[in-house]
Amino acid sequence: MDKILVHGGHRLSGSVKISGSKNSALPILAATLLTRESCTISRVPDLSDIHYMLTILSELGCEVERASGMVQIKAEKIKTQAPYEIVRKMRASVCILGPLLGREHEATVSLPGGCVIGDRPIDLHLQGFEALGAAVRVSGGNVKILAPNLRGAMVSMRSKFGSTVLGTGNVMMAAVLADGTTVIDGAAEEPEVVDLANFLIAMGAKIEGAGTRKITIEGVKELHGAEHEVIPDRIEAGTFLVAGAISGTEVTVSRVTPAHLTAVTGPLSEAGFDIKPNGNQITIRPGTKRSALKLDTVPYPGFPTDMQAQMCALLATTEGISVVTENVFPQRFMHIAELKRMGASIDLQGSTAVIRGVSQLSGAPVMASDLRASAALVLAGLQADGVTEVNRVYHIDRGYESIDEKLNELGARIERVKT
Ligand code: UD1
């Protein structure tokens, strides 16, 4: 199992190219199951989660070809049952359910287990399929869904934590081939949902309202092959902006969509950093004074839960008292204990972290527990005195393309050690 050694205190500077979005690419790759014709997806990041999705698609019978960020998929003849051994490795595998139902009217997939950021149910996905006329049965750890007559309906995606991103995508993918009109109420507004809708529209689907709370889908008889470029990864971009912030230097993220990042750049400005968007780039520079923040994670267009851990690392080194409340995944605080091992002063009160900034963290062996928590530990290591040893880095490889190499190109000193 690889580990990463971060040698703290090196100045970062320069520009980093942001990869395609993992959270867009995963459902978009699954959506290629909706047609027998060939689809070409570009700017697909090289990540282990993407690798799992491509393996699932191959196992289902798709022809998959991959070359430097470009993936070609032809799902001419497919099976409807996904193998447990691969599905269990990635929760986002559930997004094959919608396309399998849409095209083949049946799907069997293992239920995703719990994960370290808490109980992650798929009840809203399943209720959505039921609203479209599907019969859902859970047995032997699998969910089996049959939908001989998939028909348009009113579907609600509202949960007490906001909407569901993959649930909205899943229902949209089933509804594009259903009979009649589906209206998704309380739809997730994330840019990744819009990106998926744009790909489906390029395949011949009729979808209106993606990016708003109400999406209307008029079912069509069949979809055709299409080409699509995945949007930039706003969470990777946000993570590199925080890398610049925490090391107190000027860093530019390029090939990004600044409009997708305002919920991250807003708080960074409020914390005293100078943020300059310029075309498809954003530059962050230290300002004259840094301030503590009050942050609440909420669904898009609010501050993203996927940036909470990284901001906690930054605020742990920002003078004053910051208060961070996690509203989307209330248990998503596994990084706090590890940051405390590095000298952070954080008091966890339910789903709120009260952070008293310290001037310097100190390097320590720490354990990555999930994707964004691992990124937060690497960021903390950039600021810390000495060496931070981040163990279980396979978490970080799920969602960041060559994060160590990209940070080293900016001037960090990070080693990857094979153990
Ligand atoms: C996606 C992202 C993940 C991000 C999350 C929230 C992908 C691959 N992953 O995950 O990085 O952190 O959005 O922005 O795109 N919920 C239910 N019932 C459901 C589904 C969800 O109650 O059926 C709850 C969840 O427990 C959570 C909230 O709704 O509290 C949001 O989860 P959801 O938007 O579904 O997250 P994902 O789509 O799985």
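All of these numbers come straight from a predicted model, not from anything done at the bench.

Engineer: Tell me about the overall build of the protein, and please be specific about residues and values.
Structural biologist: Each helix and strand in the protein was counted, giving 14 helices and 25 strands. The C-alpha atoms of the protein give 21 Å as radius of gyration, which agrees with the globular expectation for 419 residues (22 Å, within 12%). The principal-axis extent of the C-alpha atoms belonging to the protein is close to 60 × 45 × 40 Å. With 419 residues in all, the protein has 56% of them scored as buried. Taking as baseline every contact in the protein between residues at least 6 positions apart, the subset at least 24 positions apart corresponds to 72%. For the protein, the accessible surface area stands at approximately 16,300 Å², while carbon and sulfur atoms represent 48% of it. Averaging the coordinates of the 42 positive side-chain charges in the protein and doing the same for the 45 negative ones gives two points 2 Å apart.

Engineer: Residue-level account of the domain arrangement of the protein, with values.
Structural biologist: You can read the domains of the protein as domain 1 (2-18 + 232-418) and domain 2 (22-229). Centre-to-centre separation of domain 1 and domain 2, based on C-alpha positions: 30 Å. Listed as interface residues are 27 residues of domain 1 and, on the opposing side, 20 residues of domain 2. Both faces considered, domain 1 and domain 2 share a buried interface measuring about 1,900 Å² in area, 50% of it formed by carbon and sulfur atoms. At the boundary of domain 1 and domain 2, one finds 2 salt bridges. Two residues, Arg398 and Asp49, come together in a salt bridge whose shortest N-O distance is 3.0 Å. For the pair domain 1 and domain 2, the interface holds 9 residue pairs in polar contact (both at pLDDT 80 or more). Counting only elements with at least two residues in the side of domain 1 that touches domain 2, the list comes to helix H12 (371-383) and helix H13 (394-397). Of the residues belonging to the side of domain 1 that touches domain 2, the class tally is 12 nonpolar, 5 polar and 10 charged.

Engineer: Tell me about the sheet that holds strand E19 (residues 294-297), and please be specific about residues and values.
Structural biologist: Sheet strands pair via backbone hydrogen bonds, and the direction of the pair is either parallel or antiparallel. Ordered in space as E19-E20-E22-E21, the 4 strands form an open sheet in which the pairing is mixed. Each edge of the open sheet carries a strand with a single partner, namely E19 and strand E21 (345-349). Strand after strand, the sheet turns through a mean of 15 degrees between neighbouring axes, direction not considered. Contacting E19, strand E20 (321-326) and strand E22 (352-356), helix H10 (residues 308-315) crosses the sheet at an angle of about 170 degrees to E20.

Engineer: Just give me the short version of the packing of helix H8 (residues 234-247) against H10, but keep the residues and values in it.
Structural biologist: Taken N-terminus to C-terminus, the directions of H8 and H10 make an angle of 5 degrees; their axes are 10 Å apart at the nearest point. Taken together, the axes of H8 and H10 lie roughly parallel to each other. Note on element contacts: H10 touches H8 through Gln310, Met311, Ala313 and Leu314, opposite Ile235, Thr239, Val242, Ala245 and Ile246. The class makeup of the residues in the contact of H8 with H10 is 7 nonpolar, 2 polar and no charged.

Engineer: Outline the environment of Val64, listing residues and values.
Structural biologist: Mapping Val64 onto the fold places it in strand E4 (residues 63-67). On a C-alpha basis, the gap between Val64 and Ile235 in space is 27 Å, while along the polypeptide they are 171 residues apart. Look past the residues within four positions of Val64 in its chain and what remains in contact with it is Leu54, Leu57, Ser58, Val71, Gln72 and Ile73.

Engineer: Before we move on, can you summarise the side chain of Glu192 with the specific residues and values?
Structural biologist: Summarising the element assignment, Glu192 is placed in helix H7 (residues 191-202). A distance of 2.8 Å separates a polar atom in the side chain of Glu192 from a polar atom in the side chain of Arg234. The contact partners of Glu192, leaving out residues within four places of it in the chain, are Ser21, Asn23, Ser24, Ile231 and Arg234.

Engineer: Which residues make up the site of the ligand, and what are the values?
Structural biologist: Arg91, Asp123, Thr164, Asp306 and Val328 are the nearest of the 21 residues found near the ligand. Here Asn23 contributes a side-chain N or O atom positioned 3.1 Å from an oxygen atom of the ligand. Contacts to the ligand include Arg91, whose side-chain N or O atom sits 2.7 Å from an oxygen atom. For the ligand, whose accessible area on its own is 730 Å², the fraction buried by protein is 91%. Elements that contribute at least two residues to the shell around the ligand include exactly helix H5 (123-131) and helix H6 (165-175). Here the shell around the ligand is built from residues that sort into 9 nonpolar, 6 polar and 6 charged. Counting contributing residues per domain, the shell around the ligand is built from domain 1 (2-18 + 232-418) and domain 2 (22-229), each supplying no fewer than three.

Engineer: Go over H10 with me, naming the residues and quoting the values.
Structural biologist: One full turn of an α-helix is made of 3.6 residues, so residues set three or four places apart face in the same direction. Among the 8 residues in H10, 8 count as buried, and that is most of the element. If you check which residues of H10 are buried, you get Gln308, Ala309, Gln310, Met311, Cys312, Ala313, Leu314 and Leu315.

Engineer: Could you give an account of the pairing of strand E8 (residues 142-146), naming the residues involved and the relevant values?
Structural biologist: Going residue by residue along E8, you find Val143 and Ile145 tucked away on one face and Asn142, Lys144 and Leu146 left uncovered on the opposite face. Two strands pair when backbone bridges link them, and strand E7 (residues 135-139) and E8 are joined in this way by 5 bridges, in the antiparallel orientation. Bridge pairing links Val138 to Val143 in E8.

Reading guide: rules and limits
- Residues numbered from 1 in each chain as written.
- Predicted model: local features only at pLDDT ≥ 70, side-chain atom pairs only at ≥ 80, totals over all residues.
- Heavy atoms only, no water.
- Helix = DSSP H or I, 4+ residues; strand = E, 2+ residues; numbered from the N terminus.
- Rg over C-alpha atoms; globule rule 2.2 N^0.38 Å.
- Buried < 20%, exposed > 50% of the residue type's maximum accessible area, 1.4 Å probe, protein only.
- Contact = heavy atoms within 4.5 Å.
- Areas by Shrake-Rupley, 256 points an atom, 1.4 Å probe, with all protein chains shown as cover.
- Lys, Arg positive; Asp, Glu negative; His and termini not counted.
- Charge placed at Lys NZ, Arg CZ, Asp CG, Glu CD.
- Domains from an automatic or database assignment.
- Buried area = accessible area lost by both parts, 1.4 Å probe.
- Salt bridge = Lys/Arg side-chain N within 4 Å of Asp/Glu carboxyl O.
- Polar contact = N/O pair within 3.5 Å; in protein donor to acceptor, adjacent residues only side chain to side chain.
- Nonpolar A, V, L, I, M, F, W, Y, C, P; charged D, E, K, R; others polar.
- Pairing = 2+ DSSP bridges.
- Axes fitted to C-alpha atoms, helices over the stretch in contact; angles between N-to-C directions.
- Parallel < 35°, antiparallel > 145°, perpendicular 65-115°, else oblique.
- Near = heavy atom within 4 Å.

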